[in-house]
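# Inside the fold
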Amino acid sequence: MKNNKLLIANRGEIAVRIIQAAKALGLPTVAVCSEADSDALPARMADESIIIGPPGAGQSYLDQQRGIDAAKQAGQFDTGTLEVWLQAHLSQLNTEGTAHG
């Protein structure tokens with residue numbers, strides 16, 4: 001990891017709890033959000049937020065390239081490691097039938 005920021009790609013209560021825990025540990029946080037969620041509580045609580053696309057999950061949260069771009073913008077991952085992780089993660093979601101995009 002290049003720095004000590006925590007990149008959070010969750011929404012709602014889960015994101016809030018992650019941000020609270022990170023703050024208790026003294027870790028700066030970066031919330032990833034769609035345009036629709038840009039004023040949501042997690043985006044406001046985080047130290048930084050990155051808008052990754054329009055409201056539809058397929059055009060924001062589930063868009064692999066947008067996730068890579070957000071992580072690079074936050075300075076969190078080297079591109080190769082992130083792409084391998086995303087490929088594996090999205091493959092698993094598609095196999096389980098939970099990702100639509």
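Presented here is a report on the structure given in the accompanying data block. Note that this is a predicted model, so its numbers are computed, not measured.

## Some remarks on the nonpolar core
- With nine residues, the main nonpolar core is built from V30, V32, C33, A43, I50, I52, Y61, A70 and A74.
- Those elements that place two or more of their residues in this core are β2 (29-33) and α3 (64-74).
- Ranked by the residues each element gives to this core, the list is headed by β2, at three residues.
- Those residues in contact with A43 that lie beyond four places of it in its chain are A31, C33, D37, S38 and S49.
- The next biggest cluster of nonpolar side chains, apart from the first, holds five residues, and it includes I8, A15, A31 and A46.

## Points about the sheet that holds strand β3 (residues 48-51)
- With parallel pairing, the three strands of this open sheet are ordered in space as β1-β2-β3. Of all strands in the sheet, those bounded by a partner on one side alone are β1 (6-8) and β3. Neighbour-to-neighbour, the strand axes of the sheet open up by a mean angle of 20 degrees, direction not taken into account.
- Bridge analysis of β2 against β3 gives four bridges, and the strand direction is parallel. Looking at the pairing, V30 lines up with E48 of β3.
- Each of β1 and β2 touches helix α1 (residues 12-24); the most contacted strand, β1, lies at about 170 degrees to it.
- Across the sheet, α3 is in contact with β1, β2 and β3; its angle to β3 comes to roughly 150 degrees.

## A closer look at the environment of S38
- Within the secondary structure, S38 sits in the loop between β2 and α2 (41-45).
- With twelve residues separating them along the chain, S38 and I50 place their C-alpha atoms 8.3 Å apart.
- Ignoring sequence-local partners within four residues, the contact set of S38 consists of C33, A43 and I51.
- Among the polar contacts made by the side chain of S38, one reaches the main-chain carbonyl oxygen of E35 at a distance of 3.0 Å.

About the cut-offs
Residues numbered from 1 in each chain as written. Predicted model: local features only at pLDDT ≥ 70, side-chain atom pairs only at ≥ 80, totals over all residues. Heavy atoms only, no water. Core = buried A, V, L, I, M, F, W, Y, C linked by side-chain atoms within 4.5 Å. Buried < 20%, exposed > 50% of the residue type's maximum accessible area, 1.4 Å probe, protein only. Helix = DSSP H or I, 4+ residues; strand = E, 2+ residues; numbered from the N terminus. Contact = heavy atoms within 4.5 Å. Pairing = 2+ DSSP bridges. Axes fitted to C-alpha atoms, helices over the stretch in contact; angles between N-to-C directions. Polar contact = N/O pair within 3.5 Å; in protein donor to acceptor, adjacent residues only side chain to side chain.

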